[in-house]
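A look at the structure
Residues per chain are reported as follows:
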Amino acid sequence: MITFDDVLNLNYYKKASYTGWMNGMRFLIRREQPDEDSEAVFHAWVWPGPYIFDLTDDAEKIDFTAPFSDEGKQAVVDWINTQYEDHPELWSHEKKTL
């Protein structure tokens, strides 16, 4: 399982995305802001490994958005952990760590 502290602080997401791997499940978290008039959001995806985001068919990806805030970051962490627990058939459980 990932924790709030594992996924780094908000300033990190202003310049970079965060990717990880949890026992066969890959994930990506990034900050998105469609335009200047919109609020920034966290956009997160999970998909079965072993391939990176760009090499995985979009049909295999599940996504989620939350406000770009500490509360939104916690929501993303909770969502990723829930996806891992609720869909064990999708992950290979190769026992690899983040």
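Preceding this section is the structure that the text describes.
Before going into details, it helps to say that this report is about the structure given with it. Only a predicted model underlies this, so the values are computations on that prediction, with no experimental measurement involved.

Rules behind the numbers
Residues numbered from 1 in each chain as written. Predicted model: local features only at pLDDT ≥ 70, side-chain atom pairs only at ≥ 80, totals over all residues. Heavy atoms only, no water. Salt bridge = Lys/Arg side-chain N within 4 Å of Asp/Glu carboxyl O. Buried < 20%, exposed > 50% of the residue type's maximum accessible area, 1.4 Å probe, protein only. Pairing = 2+ DSSP bridges. Helix = DSSP H or I, 4+ residues; strand = E, 2+ residues; numbered from the N terminus. Axes fitted to C-alpha atoms, helices over the stretch in contact; angles between N-to-C directions. Contact = heavy atoms within 4.5 Å.

**Description of the pattern of salt bridges**
Summed over all chains, the structure comprises two salt bridges. Between glutamate 32 and arginine 30 there is a salt bridge, with the nearest N and O atoms lying 3.2 Å from each other. Look at glutamate 32 and you get partly exposed, because its relative accessible area is 26%. On the basis of relative accessibility, which here comes to 27%, the residue arginine 30 falls in the partly exposed class.

**Re the sheet that holds strand β4 (residues 62-67)**
One open sheet accounts for four strands, arranged β1-β2-β3-β4; its pairing is antiparallel. Of all strands in the sheet, those bounded by a partner on one side alone are β1 (18-22) and β4. Strand-to-strand twist in this sheet, taken as the mean axis angle between neighbours without regard to direction, amounts to 20 degrees. Set on the sheet, helix α1 (residues 70-86) makes contact with β1, β2 (25-32), β3 (41-48) and β4; between it and β4 the angle comes to about 160 degrees.

**Here's the deal with the pairing of β1**
The buried fraction of β1 is high, at four of five residues. Relative to β2, β1 runs antiparallel, the two sharing five bridges. Among the inter-strand pairings, glycine 20 is bridged to a residue of β2, identified as phenylalanine 27. Between β1 and β2, which pair antiparallel one after the other, the connecting turn spans two residues, and asparagine 23 there sits at a positive phi close to 45 degrees.

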